[in-house]
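Coordinate analysis (summary)
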Amino acid sequence: MWYHKPAINEELLQSLPNLKVVASSGVGIDHLDVKLLSSYGVKVANTPFVVSADTADMGMALLLASSRRIVEGHQMAVSPDTEYFPADWLGVEVSGATLGIVGMGTIGYKVAERAKAFEMKILYHNRSQRKKEEESAVGAVYCKKIDDLLQQSDFVLLAVNLTPQTHKLIGKRELELMKPTATLINISRGLVVDQDALVEALQNKVIKAAALDVTYPEPLPRDHPLLKLKNVIITPHIGSATTKTRWVMMEEMVESIEAGLAGLPVPREVL
C-alpha cells in the first residue's frame, strides 16, 4: 500500500482469498483495520523506523520556516511589485525558545536532538516518561499534563500516532491554553488537530501561526480557509519524502511481502 491505497475493506478481503500479507508504507496504521485483517489470517507490516530522521528534519524545517517567515519572505523577494525590503518585517527567535513536543517516540526524540543543537528549551508530553539518561541527553523535561506543556511552549510540535485517544487531541480548549505568540507544528496526522478550531484560533490570533505537513483531507479543498491565511505554512505530507528513505521503505515492504508469502516471520509485523 502507498498513500493508503487500495482501501483494505471486507469486500476486498473476500475477493482475495489467498491474500497473506499487507505491507503499508510509513509509520501510521490508522487507515488499516488490523483486527479485521487478522480475522482473515492476513499479516500487516509497516516501515516504522526508516522514516524517523527525515520526519524529524521536516518538523525542524517547518519550525524554522514559520518562525523566520521564509515562505512570505520568498514571495516578497521574487514579487514583481517589490521595490524595497521593509525594515520592520520580522520573525521570531528560535534559539532559547521553548519547544513542547507532544509524542516522544522515535520521531519526537529525534526532533529533540535537533532542537538541542538550536539551544532550545525542550518540554515533552508522552504516555510514559523517558529514561532519565534519555532526558538528560537532550535536556528534555517531562510534562505529565499536556496543559502544562501548552501553556509554557513557544512552539508546540505534534508527533503522535493517530489513535482514538489522539483524535482531535488539540482542540479549542488546548489552543486557548497556548501562548498568543505560539506556533503549532503538526508532522503526525491531520486528525490529531480539530481543524475548524485551528482556523478560528489563527483568524482570531489566539495563536500566532501554524505549520502543517498534514491536514484532513489531503489535499484540502481549494477554497478551504486554511489556504487563505498568511500565518499558515502547509506542505503536502512529505515528512518521509527523500529519495533514500522512500527507496528503503520500498525495500522493507518487499522484504515483508516475501517473508509473508514464504510463511516466514514478517519483519516489522504490526501485532
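Residues numbered from 1 in each chain as written. Predicted model: local features only at pLDDT ≥ 70, side-chain atom pairs only at ≥ 80, totals over all residues. Heavy atoms only, no water.

Filter applied, for reference: UniProt positions are given in the numbering used here, feature names are shortened, and annotations may be inferred rather than shown by experiment.
The name that an unreviewed UniProt entry assigns to the chain is Glyoxylate reductase/hydroxypyruvate reductase, with the source organism given as Sterrhoptilus dennistouni. Per UniProt, the chain carries the Sequence similarities (unreviewed entry) text "Belongs to the D-isomer specific 2-hydroxyacid dehydrogenase family."

1. Notes on the sheet that holds strand β3 (residues 98-102)
To keep it simple, the criterion reads: A pair of strands is considered paired only if DSSP assigns at least 2 bridges between the two. Helix and strand definitions follow DSSP, with helices as H or I runs of at least four residues and strands as E runs of at least two, each counted in order from the N terminus. For every element, the axis is a line fit to its C-alpha atoms; helices are fit only across the contacting stretch, and the angle between N-to-C directions ranges from 0 to 180 degrees. Any pair of residues with heavy atoms lying within 4.5 Å of one another is described as a contacting pair.
Strand order in the open sheet made by the 7 strands is β5-β4-β3-β6-β7-β8-β9, with parallel pairing throughout. Edge positions in the open sheet fall to β5 (140-142) and β9 (232-234), since each of these has one partner strand only. Between one strand and the next, the sheet's axes are offset by a mean angle of 15°, whatever the strand orientation. Sitting on the sheet, helix α9 (residues 195-203) is in contact with β7 (183-186), β8 (209-212) and β9, with an inclination near 140° to β8.

2. Some thoughts on the domain arrangement of the chain
Stated precisely, the cut-off is as follows: In this document the domain limits rely on a domain assignment from an automatic tool or a database. Accessible area that two parts lose when put together, with a 1.4 Å probe and added across both, is what the buried area reports. Throughout this description, the term salt bridge denotes a Lys or Arg side-chain nitrogen within 4 Å of a carboxyl oxygen of Asp or Glu. Each residue gets one of three labels, nonpolar for Ala, Val, Leu, Ile, Met, Phe, Trp, Tyr, Cys and Pro, charged for Asp, Glu, Lys and Arg, and polar for the others, Gly among them.
Taken domain by domain, the chain holds domain 1 (10-49 + 242-262) and domain 2 (51-79 + 91-234). A straight line from the C-alpha centre of domain 1 to that of domain 2 covers 29 Å. Taken together, the 10 residues of domain 1 in the interface contact 6 residues of domain 2. Between domain 1 and domain 2, a total of about 680 Å² is buried, with carbon and sulfur atoms accounting for 50% of that surface. By the criterion of area lost to domain 2, the three top residues of domain 1 are Val27, Asp30 and Phe49, representing 59% of everything that side buries. At the junction of domain 1 with domain 2, the criterion picks out 1 salt bridge. The closest approach of N and O atoms between Asp30 and Arg189, which form a salt bridge, is 3.2 Å. Residues of the side of domain 1 that touches domain 2, tallied by class, amount to 4 nonpolar, 5 polar and 1 charged.

3. Points about empty space enclosed by the protein
Heads up, the rule is: Think of a 1 Å grid over just the protein atoms. A cavity is a set of points where a 1.4 Å probe fits yet cannot get out, a pocket is an open set with protein on both sides within 12 Å along at least five of seven lines, and lining residues have an atom within 4 Å of a point. Grid points are joined across faces, edges and corners, and a volume is the space filled by probe spheres set on the points.
Scanning the entire structure with this criterion turns up 1 cavity of 30 Å³ or more. Approximately 40 Å³ is the volume found for the largest cavity. Along the walls of the largest cavity sit Asn186, Gly190, Val193, Gln195, Leu198, Leu212 and Val214, which together make up its complete lining.

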